[in-house]
Amino acid sequence: MPTPVVVARRRCHTAGVTGSSFHVLVKPTGAICNLDCAYCFFLEKEHLYPGSTFRMDDAVIEAYLRQVIDAEASDRVVVSWQGGEPTLAPKDFYRRAAAIAADLLPPGKRIEWTMQTNGTRLDDEWCDLFLEHGYLIGLSLDGPREVHDVHRVDKRGEPTFDRVMEAAALLRRRGVEFNVLTTVNAANGDRGREVYRFLRDEVGTRYVQFIPIVERVGPDGRTGMQVGTEVTDRSVTGEQWGRFLIEVFDEWAAHDVGEVFVMLFDWTLASWMGLDNPACIFRPTCGDAVALEHNGDLYSCDHFVEPEYLLGNLMETPLGELVASDRQREFGERKQTSLPQYCLDCEVRFACNGECPKNRFVLTPDGEEGLNYLCAGYKAFFTHVDAPMRAMAGLLREGRPASDVMAMPGGFA
């Protein structure tokens, strides 16, 4: 029986999680979206391509698929469509991509198609396409109506909760495999248990990924770029993030181990088992999760789609060479070499490794630069889960399911 770490890696595909040598988030429509989520850092990227139609053409699709298939050493090639909103590309775009891939795939290799969507444009024809090609869908939903609709609105400022819930019902009814991606922000950051129970009981999902919103404000007052030391009031605080995770974990550890898979908990368990962490944010180094824009431009990371992190264009330089370039390796190594001494001395560094470089913009207690904005939350969470993680790791090493932890005397909740 596979461990939860292995099982859930098929189910949630963002944040650089992959069984491949590198992972590409592909933007077929660039930053264009039909929603206007207040905290979205990617809408700002539209300004990088003035006058663009924001449509990936067949030449770029074919070049990308050919190169990623050639570069992948394993038999599993993951293609992850993201945005913006990828359903703004017509369905025929994805049918052509599947046809191109079928011609390129050598014997023994397979493609796993994934898409992250806000869900508001889904219909039966989309579901037909998903089912035909075995898609895994990531659905963005921030919790109950009163917290989801605070920030996730359309271009007219209208709420989107009902449309997303209709999409979840449609995917369930049609048998399309999907997971839920939930951002944690100021609006839902104090409601961890409530949000988790809603996703489990009302949405019916069994695979959840939580992502903290840390929205930096640059010197010019703009957001969406990785500059500045101030954050918007929409951002979750470090302490909130820790409390949120602890609330969710306690509910999960008491009732749902082995039944509901929370990606961050799987990643944490991997660290406690001494395994290589499947998430780029918790590995010592990064650089293997890149972002491909609609015109073939490749950037160091989805969170660093900025001019200084442009690696090149795959129509000019093969994808594998760009990912393996000295420039990208330096980007990834900097995650480790830039850790402040406060992190190097931390007892939970083995699980955190300073988390994502995009969040390292505050000072340590002794004034050193480079501390993660969410440090207090991660330290509280990793300390809180130490005993149950040790117990689950022990169970798995004995060949027993991690869910047996729920029957241990006294429990851990």
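Residues numbered from 1 in each chain as written. Predicted model: local features only at pLDDT ≥ 70, side-chain atom pairs only at ≥ 80, totals over all residues. Heavy atoms only, no water.

1. As for the overall build of the protein
For clarity, the threshold we go by: Runs of E in the DSSP output that reach at least two residues are strands. Runs of H or I that reach at least four are helices, and both are numbered from the N terminus. Both definitions apply: the radius of gyration is a C-alpha atom measure, and the globule rule equals 2.2 Å times residues to the power 0.38. For the exposure calls, accessible area comes from a 1.4 Å probe over protein chains only, and a residue counts as buried if that area is under 20% of its type's maximum, exposed if over 50%, partly exposed in between. The contact rule is simple, with two residues in contact once any of their heavy atoms fall within 4.5 Å. Each accessible area is a Shrake-Rupley result for a 1.4 Å probe, and residues are judged covered by the shown protein chains and nothing else. When charges are counted, neither His nor the chain ends are considered; positive counts come from Lys and Arg and negative counts from Asp and Glu. Where a charge lies is defined by one atom per residue type, namely NZ (Lys), CZ (Arg), CG (Asp) and CD (Glu).
Scanning the protein from N- to C-terminus turns up 15 helices and 14 strands. The globule rule puts the C-alpha radius of gyration for 413 residues at 22 Å, and the 21 Å found for the protein is close to it. Its C-alpha atoms put the protein at 60 × 50 × 45 Å along the principal axes. Burial statistics for the protein: of 413 residues in total, 57% are counted as buried. At a minimum sequence separation of 6, the contacts of the protein that also span at least 24 residues come to 70%. When the accessible surface of the protein is split by element, carbon and sulfur atoms take 50% of a total near 16500 Å². Charge separation in the protein, taken as the distance between the mean sites of 43 positive and 62 negative side-chain charges, equals 2 Å.

2. Things to note about the nonpolar core
Note the cut-off: By nonpolar core is meant a set of buried Ala, Val, Leu, Ile, Met, Phe, Trp, Tyr and Cys residues that side-chain atoms within 4.5 Å join together.
Tyr64, Leu65, Trp81, Trp113, Phe130, Phe210 and Trp252 are the most contacted members of the largest nonpolar core, which totals 109 residues. Per-element accounting of this core gives the leading share, eight residues, to helix 8 (residues 238–255). For Leu65, the contacting residues outside a window of four places in its chain are Val79, Ala97, Ile100, Ala101, Leu104, Ile111 and Trp113.

3. Some points on the confidence of the model for the protein
Put simply, the rule is: Residue-level confidence of the predictor is summarised by pLDDT, bounded by 0 at the bottom and 100 at the top.
The pLDDT averaged across the protein works out to 92; a share of 93% of its residues lies at or above 70. Segment residues 1–20 is flagged for pLDDT under 50; beyond a separation of four residues in sequence, or across chains, it makes 72 contacts in the model.

4. Here we look at the sheet that holds strand 9 (residues 261–262)
Selection rule: Any two strands with at least two DSSP bridges between them are considered paired. Helix axes are fitted to C-alpha atoms over the stretch in contact, other axes to C-alpha atoms as well, and angles between N-to-C directions run from 0 to 180 degrees.
Taken together, ten strands build an open sheet; the order of strands is 9-6-5-4-3-2-1-10-11-12 and the sheet is mixed. The sheet is open, and its two edges are formed by strand 9 and strand 12 (310–313), each paired on a single side. Alignment of strand 10 (residues 289–292) against strand 11 (residues 297–299), held across two bridges, turns out to be antiparallel. Bridging from a neighbouring strand, Ala291 pairs with Tyr299 of strand 11. The strands touched by helix 7 (residues 192–203) are strand 5 (177–184), strand 6 (207–212) and strand 9; relative to strand 5, the strand with the most contacts, the crossing angle is about 160°.

5. Thoughts on the packing of aromatic side chains
Think of a pair of aromatic rings as described by two things: how far the centres are apart, and how the planes are tilted against each other in angle. Note the threshold: Each Phe, Tyr or Trp ring, with Trp reduced to its six-membered ring, pairs with another whose centre is within 6.5 Å; inter-plane angles below 30 degrees give stacked pairs, above 60 give edge-to-face pairs, and intermediate values give tilted ones.
Per the stated rule, a full pass over the model turns up 30 aromatic pairs. Geometrically, the ring pair formed by Phe41 and Phe42 is edge-to-face, given 5.8 Å between the ring centres and 85° between the ring planes. Taking relative accessible area as the criterion, Phe41 reaches 24% and is therefore assigned partly exposed. With relative accessibility at 3%, the residue Phe42 sits in the buried group.

6. Digging into the layout of surface pockets
Short version of the rule: Here a cavity denotes a set of grid points, spaced 1 Å apart and computed over the protein atoms alone, in which a 1.4 Å probe fits but from which it cannot get out, and a pocket denotes an open set meeting protein on both sides within 12 Å along at least five of seven lines; residues with an atom within 4 Å of a point are reported as lining. Grid points are joined across faces, edges and corners, and a volume is the space filled by probe spheres set on the points. For this classification, the nonpolar set comprises Ala, Val, Leu, Ile, Met, Phe, Trp, Tyr, Cys and Pro, the charged set comprises Asp, Glu, Lys and Arg, and every other residue, Gly included, is treated as polar.
Considered as a void within the structure, the largest pocket measures approximately 410 Å³ in volume. Across the lining of the largest pocket, the residue classes break down as eight nonpolar, five polar and eight charged.

7. Considering empty space enclosed by the protein
All chains considered together, the criterion is met by five cavities of 30 Å³ or more. Quantified by volume, the second largest cavity comes out at close to 140 Å³. Taken together, 15 residues make up the lining of the second largest cavity; nearest its centre are Cys343, Cys346, Cys352, Gly354 and Cys375. Of all the elements in the fold, those that place two or more residues in the lining of the second largest cavity are helix 12 (341–344), helix 13 (349–352), strand 14 (371–372) and helix 14 (375–384). No other element matches the three residues that helix 14 contributes to the lining of the second largest cavity. Classifying every residue of the lining of the second largest cavity gives eight nonpolar, four polar and three charged.

8. Some points on the state of the cysteines
So the rule is basically this: When the sulfur atoms of two cysteines come within 2.5 Å, that pair is taken as a disulfide.
Throughout the structure, instances matching the rule amount to zero disulfides. The structure places no disulfide on Cys280, whose sulfur is separated from the nearest cysteine sulfur, that of Cys301, by 6.3 Å. Looking at the unpaired Cys352, the closest cysteine sulfur is the one in Cys343, lying at 6.8 Å. Accessibility expressed as a relative area gives 13% for Cys352, which makes it buried.

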